[in-house]
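Residues per chain are reported as follows:
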Amino acid sequence: MDRCIYGCSVITIFFFFLLNASALESGHHNITGSGQINSNSVLVALLDSRYTELAELVEKALLLQTLEDAVGRHNITIFAPRNEALERDLDPDFKRFLLQPGNLKSLQTLLLSHIIPKRVGSNQWPEENSGRVKHVTLGHDQVLHLSKLKGANGKRLVNSAVITRPDDLTRPDGLIHGIERLLIPRSVQEDFNRRRNLRSISAVLPEGAPEIDPRTNRLKKSATAASVPAGSPPALPIESAMAPGPSLAPAPAPGPGGAHKHFNGDAQVKDFIHTLLHYGGYNEMADILVNLTSLATEMGRLVSEGYVLTVLAPNDEAMAKLTTDQLSEPGAPEQIMYYHIIPEYQTEESMYNSVRRFGKVKYETLRFPHKVGAKEADGSVKFGSGDRSAYLFDPDIYTDGRISVQGIDGVLFPEEKEEETVKKTTGPVKKVVQPRRGKLLEVACRMLGAIGKDSYLSRC
């Protein structure tokens, strides 16, 4: 009996240690699944690998947390383009498009379409005669097709890109295959093409800023539509038809075949306002455009007519410094915003190049005849001067070829000297009244005029 008790005790203790070991192992798996990754993770390998360009894009796309969650749930397979494919071989315009804050979703879709939520090693590739095998990616509705070329080489393909480094980095939670080039989903390519086509359109640059009606604090409408000969760009009137009512501004230049190109200005304005809200820190600006004024509608009408705009958008911190007195006067919000809208298309690069080359530059604004000055300062573009200045803080928040939004860190106002000059030049015109002649002189002049002798008196 003693032997049995001793033997049973040993077996019990053995199974106890087995259970504790399995419990510790399952507990460690849960910690990993909660989003905390260890140093042996495939994500750490990616960030510290030869694929530095891809790792940098992943960080800029704010995808690290998303990928940590994915690794916590299952293994992943990453198809990583070589650095040369992203540095030299990629279209510079396309890369610039991906890095713009307004195109964050396109960048995320592109990167997630390179990741399969399962482990697919080189030994799991379909055979030559099996055809293509489809795998769903982490991107929205994006799939990858794996195949193998026929022949002695038997190169492995993902879509049409060759796998140059199969199983380049393998870790317990996933692996990385090196590929020759970037995989671009059709939805991202179409979005880029749409933006590029808008940029290639010859923009109608205004010759002068529109005039503001002091009674309504809105842009004046032109009295009649300007007739534009077919095939020639229209001349932009000083008064633009942005105010509510029938549009009287000239149509954009006809496209190929004589057909006029039409732009949905309302949709583009909604798109850029949505981008402002999504970007964060510009809610006050969006609120003024949509709720406090009718500027969003007016901007939509102007863009629909084929014109272009650059918006200098003060951030929320700058808008919070506006006093009640500055906003309480009738039409004050419109006047402030008009001074922040430039009737031409400018990007951060174009404005910086201008101030670098010419020193000081003045841009027309919709608050005619006021202009906003710009110069280079501290490696950036500085608008205004003194206490009324602001720096270009968030470049290219939104750029679609028709509307450009540049974030600034202050609210701009016309310079005091300029305001005084405008008041003097636009003040009331004094009418010179000739002194009235006496009744007797009028009768005498009339009588002399009847006989042709009115020249006898110099006052007749």
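Residues numbered from 1 in each chain as written. Predicted model: local features only at pLDDT ≥ 70, side-chain atom pairs only at ≥ 80, totals over all residues. Heavy atoms only, no water.

Mind laying out the overall build of the protein, listing which residues take part and the relevant values?
A count of helical and extended segments in the protein gives 17 helices and 16 strands. Counting every position in the protein, which comprises 460 residues, the buried fraction comes to 43%. Long-range pairs, those at least 24 residues apart, make up 64% of the contacts in the protein between residues at least 6 apart in sequence. (Helix = DSSP H or I, 4+ residues; strand = E, 2+ residues; numbered from the N terminus. Buried < 20%, exposed > 50% of the residue type's maximum accessible area, 1.4 Å probe, protein only. Contact = heavy atoms within 4.5 Å.)

An account of the sheet that holds strand β6 (residues 161–171) is needed here, citing residue identities and associated values.
An order of β2-β1-β7-β6-β5-β4-β3 is seen for the seven strands of this open sheet, with the pairing classed as mixed. What marks the edges here is a single partner per strand, and that holds for β2 (115–116) and β3 (133–136). Summarising the sheet, strand β4 (residues 143–148) and strand β5 (residues 156–158) pair through three bridges and their orientation is antiparallel. Each bridged residue has a counterpart across the sheet, and for S147 the counterpart in β5 is L157. (Pairing = 2+ DSSP bridges.)

Would you mind going over the environment of Q100 in detail, with residue names and values included?
One can find Q100 in the loop between α6 (92–99) and α7 (104–112). Between the C-alpha atoms of Q100 and P395, which are 295 residues apart in sequence, the distance is 8.8 Å.

Account for the nonpolar core, naming residues and giving values.
In terms of nonpolar packing, the biggest core is built from 32 residues, with F272, M299 and V405 touching the most fellow members. The set of elements that each furnish at least two residues to this core consists of α9 (265–279), α10 (283–292), α11 (295–304), β10 (309–314), α12 (316–319), α14 (332–338), β15 (390–399) and β16 (403–408). At five residues, α11 tops the list of elements feeding residues into this core. Setting aside residues no more than four positions away along its own chain, F272 makes contact with L289, M299, Y398, I403 and V405. Core analysis: the second largest hydrophobic core is formed by 31 residues, L54, L90, F94 and L112 among them. (Core = buried A, V, L, I, M, F, W, Y, C linked by side-chain atoms within 4.5 Å.)

Lay out the pairing of strand β12 (residues 360–364) with the relevant residues and their values.
Across the two faces of β12 the burial differs, with V361 and Y363 buried and K360, K362 and E364 not buried at all. Here β12 runs beside strand β13 (residues 371–377); their pairing, made up of five bridges, is antiparallel. Each bridged residue has a counterpart across the sheet, and for V361 the counterpart in β13 is A374. Following β12, the chain reverses through six residues before pairing antiparallel with β13.

Lay out the pattern of salt bridges with the relevant residues and their values.
Counted according to the given criterion, the structure contains seven salt bridges. In this structure, E53 and K95 form a salt bridge, with 3.6 Å as the shortest nitrogen-oxygen distance. Of this pair, E53 sits in helix α3 (residues 52–60) while K95 sits in helix α6, and the two are 42 residues apart along the sequence. Overall, E53 belongs to the buried group, its relative accessible area being 14%. Among the salt bridges present, the one from E364 reaches K371, with a minimum N-O distance of 3.7 Å. Given a relative accessible area of 23%, E364 falls into the partly exposed group. Among the residues examined, K371 registers a relative accessible area of 34% and is labelled partly exposed. (Salt bridge = Lys/Arg side-chain N within 4 Å of Asp/Glu carboxyl O.)

Give a description of the packing of aromatic side chains that names residues and reports values.
Evaluated as defined, the whole model comprises six aromatic pairs. Put simply, the rings of F94, F97 and F192 touch in pairs and so form one group of aromatic residues. (Phe/Tyr/Trp six-rings, centres within 6.5 Å; stacked < 30°, edge-to-face > 60°.)

Describe the sheet that holds β15, with residues and values.
Read across the open sheet, the seven strands follow the order β11-β10-β16-β15-β14-β13-β12; overall the sheet is mixed. Since the sheet does not close on itself, it has two edges, and those belong to β11 (341–342) and β12, each with one partner. The sheet strands contacting α11 are β10, β11 and β16, and the helix crosses β10 at an angle near 155°. (Axes fitted to C-alpha atoms, helices over the stretch in contact; angles between N-to-C directions.)

Give a detailed account of the confidence of the model for the protein, specifying residues and quantitative values.
On average, residues of the protein carry a pLDDT of 74, and 67% of them reach 70 or more. Looking over the protein, one finds the lowest element-wise mean pLDDT in helix α1 (residues 2–33), namely 40, and the highest in β2, namely 95. Confidence drops under a pLDDT of 50 for residues 1–35, and excluding neighbours within four residues, the segment shows six contacts in the predicted structure. Residue range residues 200–209 is modelled with pLDDT below 50. Its contacts to residues more than four positions away, or to other chains, number 23 contacts. (pLDDT = per-residue confidence, 0-100.)

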